[in-house]
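Each chain, letter by letter, is given below.
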Amino acid sequence: MSNQNPVFIPGPTNIPDRLRAAMQVQTQDHRAPDFVETFAPVLEDTKSVFGTQQGQVITFPSSGTGGWEAAITNTLSPGDKVLVARYGVFSHRWIDLCARHGLDVQVIECAWGDGAPAATFQSILADDVGREIRAVLVTHNETATGVYSDIAAVRQAIDAAGHPAMLFVDCVSSLASMPFEFDNWGVDVAVSGSQKGFMLAAGMAILCVSPKALAAMDAATLPRTYFDLADMMAANASGGFPYTPPLQLIYGMRESLRMLFEEGLDNVYARHFRLAEGVRRAVDAWGLKLVATSPKLYSDTVSAIYVPDGFDSNALTDHAFNTYGVSFGIGLGQLNGKAFRIGHLGSLTDVMVLSGLATIEMAMADLNYPIELGSGVAAAQDYFRSGSQGRAQAAA
Ligand SMILES: *Cc1c(COP(=O)(O)O)cnc(C)c1O
């Protein structure tokens with residue numbers, strides 16, 4: 001079976017040839033004097049993707065989950081109270097990680113399809129007269145449901161309550177695909193990874209940490225060794241790494257940043273909106289429904305789509321893979337069997353997205369879904385033809 005077909009899972013994403021080539025490098029000594037010339041600009045340039053001047057970018061060799069662990073263990077102590085909303089598998093997994101680290105986790109249960117409940121955060125924070133809540137944790141883009149949350153609104157809620165809690169944001173499936181404003185939103189720790197918007201292999205957790213979060217390190221007593229920010233920053237300051245760095249990924253990251261800056265971050269965001277909107281027009285033409293409950297919650301990196309009653313979304317994604325050699329995201333958690341996901345982030349063009357829509361349409365038609373073959377593709381084609389921004393060369 002051809003492995004030329006793009007994947008339509010919301011990470012890991014398609015790796016452009018240019019980045020695969022950039023990662024093809026021979027071993028180099030990371031203690032040699034020239035390592036710093038490769039590594040230091042990567043940290044510096046990543047700041048503009050986070051939208052920060054005052055934040056510090058730090059990376060660990062791990063998947064994104066390790067970034068969550070670093071965020072928690074460096075800033076908090078056992079028994080510390082954190083406030084989190086659960087609205088999908090990823091927000092759930094972050095909650096689970098906090099609980100297993102012995103934090104006192106106050107969970108707000110939300111419907112899957114909703115986003116971070118800023119107003120509820122505000123009233124809980126206002127009622128916390130003892131100021132015991134140390135951090136509010138938000139998943140910017142809930143990859144399981146295709147829901148985008150408004151981080152500026154969460155910041156406003158914290159400020160309106162006059163509460164000193166830190167703001168931690170998981171932006172693994174949004175960074176480098178949708179706008180992120182670390183400084184303007186007053187984020188204290190943002191957590192991302194190499195295998196989604198940066199279009200690389202998995203293996204780098206990429207964090208941005210505010211001065212306020214760094215100041216919380218001394219008092220934080222959760223155990224940490226591998227993920228110790230202080231060790232990493234001390235080594236980074238002299239251009240090094242406290243252990244063996246993922247050199248090939250760092251080379252890939254350098255090239256990824258070049259690609260993003262060549263396209264222009266605003267164009268990258270416009271392209272993601274455009275691809276997402278094409279998918280949404282197709283979903284509408286099929287007569288299917290998104291899991292996300294309102295347009296302001298629509299994610300530009302992944303769409304979770306309910307299958308009609310009586311159909312099994314796992315049978316659909318299996319069929320698309322087995323028959324046409326294309327991967328789509330399965331429904332996760334309580335959406336398993338009920339929804340499938342189309343990932344539309346990273347290295348993708350209009351044409352690639354049309355191929356994904358055409359494929360899932362064939363799979364639905366094969367399985368007797370009540371859709372009209374070609375209707376979704378046509379709706380996306382109409383939209384892509386009429387649009388202007390972010391076209392063709394975008395993900396070359
Ligand atoms: C992919 C993802 C993660 C991290 O997962 P890893 O597999 O550990 O890289 C975390 N949060 C969200 C929202 C994600 O989409």
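Residues numbered from 1 in each chain as written. Predicted model: local features only at pLDDT ≥ 70, side-chain atom pairs only at ≥ 80, totals over all residues. Heavy atoms only, no water.

A. Region of interest: the site of the ligand. Around the ligand, the surrounding shell holds 13 residues, and the nearest of these are Ser63, Thr65, Thr143, Asp170 and Lys196. Here Thr65 contributes a side-chain N or O atom positioned 2.5 Å from an oxygen atom of the ligand. At a separation of 2.6 Å, an oxygen atom of the ligand approaches a polar side-chain atom of Lys196. When the free accessible area of the ligand is taken as 380 Å², the share hidden by the protein chains comes to 89%. (Near = heavy atom within 4 Å. Polar contact = N/O pair within 3.5 Å; in protein donor to acceptor, adjacent residues only side chain to side chain. Areas by Shrake-Rupley, 256 points an atom, 1.4 Å probe, with all protein chains shown as cover.)

B. Summary view of the sheet that holds strand β8 (residues 189-193). With mixed pairing, seven strands are arranged side by side in an open sheet as β1-β9-β8-β7-β4-β2-β3. Edge positions in the open sheet fall to β1 (56-61) and β3 (104-109), since each of these has one partner strand only. Sheet twist, expressed as the mean angle between neighbouring strand axes with direction ignored, is 20 degrees. Here strand β2 (residues 81-86) pairs with strand β4 (residues 133-139) via four bridges, running parallel. Bridging across to β4, Val82 finds its partner in Ala135. Its contacts with the sheet place helix α6 (residues 151-160) against β4 and β7 (166-170), and it is angled at close to 165 degrees to β7. (Pairing = 2+ DSSP bridges. Helix = DSSP H or I, 4+ residues; strand = E, 2+ residues; numbered from the N terminus. Axes fitted to C-alpha atoms, helices over the stretch in contact; angles between N-to-C directions. Contact = heavy atoms within 4.5 Å.)

C. Broad picture of the pairing of strand β12 (residues 339-343). Of all five residues that make up β12, five are buried, and the element is covered over most of its length. Because side chains alternate across β12, one face comprises the buried residues Ala339, Arg341 and Gly343, and the other comprises Phe340 and Ile342, equally buried. Two elements, strand β11 (residues 302-306) and β12, share five bridges in a ladder whose sense is antiparallel. The residue bridging Tyr306 from the neighbouring strand is Ala339, located in β12. (Buried < 20%, exposed > 50% of the residue type's maximum accessible area, 1.4 Å probe, protein only.)

D. How the structure looks around the domain arrangement of the protein chain. As assigned here, the protein chain comprises domain 1 (2-12 + 264-395) and domain 2 (17-261). Domain 1 and domain 2 are separated by 27 Å when their C-alpha centres are compared. Listed by partner, the interface residues are 28 residues for domain 1 and 27 residues for domain 2. Contact between domain 1 and domain 2 buries roughly 2200 Å² in total, counting both sides, with carbon and sulfur atoms accounting for 64%. Our enumeration of links across domain 1 and domain 2 arrives at zero salt bridges. Our enumeration of links across domain 1 and domain 2 arrives at ten residue pairs in polar contact (both at pLDDT 80 or more). Broken down by secondary-structure element, the contributors of at least two residues to the side of domain 1 that touches domain 2 are α10 (265-286) and β11. In terms of residues, the side of domain 1 that touches domain 2 owes the most to one element, α10, which gives four residues. In terms of residue class, the side of domain 1 that touches domain 2 is made up of 15 nonpolar, ten polar and three charged. (Domains from an automatic or database assignment. Buried area = accessible area lost by both parts, 1.4 Å probe. Salt bridge = Lys/Arg side-chain N within 4 Å of Asp/Glu carboxyl O. Nonpolar A, V, L, I, M, F, W, Y, C, P; charged D, E, K, R; others polar.)

E. Up close: unusual backbone geometry. In this structure, Pro12 follows Gly11 across a cis peptide bond, with omega equal to -5 degrees. Within the secondary structure layout, Pro12 lies in the segment before α1 (17-22). One non-glycine residue, Arg131, adopts positive backbone phi at about 55 degrees. Along the chain, the position of Arg131 falls in the loop between α5 (118-127) and β4. Accessibility expressed as a relative area gives 32% for Arg131, which makes it partly exposed. One non-glycine residue with positive phi stands out, namely Met199, at about 65 degrees. Looking at the secondary structure, you find Met199 in the loop between β8 and β9 (204-209).

F. Structural context of the environment of Arg274. Note that Arg274 resides in helix α10. The class for Arg274 is buried, based on a relative accessible area of 0%. At 2.9 Å, the side chain of Arg274 forms a polar contact with the side chain of Asp350.

G. Just the packing of helix α11 (residues 313-324) against helix α12 (residues 350-366), in detail. Direction vectors running N to C along α11 and α12 enclose 110 degrees, while the axes themselves pass 9 Å from each other. Judged on the interaxial angle alone, α12 and α11 are roughly perpendicular. With respect to the hand of their crossing, α11 and α12 are arranged in right-handed fashion. Facing α11, whose interface residues are Leu316, His319, Ala320 and Tyr324, α12 presents Thr359, Ile360, Met362, Ala363, Met364 and Asp366. Among the residues making up the contact of α11 with α12, the classes are represented as seven nonpolar, two polar and one charged. (Parallel < 35°, antiparallel > 145°, perpendicular 65-115°, else oblique. Left-handed = near helix turned anticlockwise from the far one by under 90°.)

H. Inspection of the environment of Arg18 at higher detail. Within the fold, Arg18 resides in helix α1. Residue class for Arg18 comes out partly exposed when judged on its relative accessible area of 31%. For the pair Arg18 and Ala152, spaced 134 residues apart in sequence, the C-alpha to C-alpha distance is 35 Å. The residues touching Arg18, leaving out its near neighbours within four places in the chain, are Glu255, Arg258, Met259 and Glu262. A distance of 2.9 Å separates polar atoms of two side chains, one belonging to Arg18 and the other to Glu262.

I. The pattern of salt bridges, seen in detail. The full count for this structure, using the stated rule, is 17 salt bridges. Across the salt bridge formed by Arg280 and Glu277, the nearest N and O atoms sit 3.0 Å from each other. In this pair, Arg280 and Glu277 are both assigned in helix α10, three residues apart and thus about one turn of the helix distant. Residue Arg280 is classed as buried on the basis of its relative accessible area of 9%. Two residues, Arg281 and Glu277, come together in a salt bridge whose shortest N-O distance is 3.0 Å. Of the two residues, Arg281 and Glu277 both sit in helix α10, four residues apart, roughly one turn of that helix.

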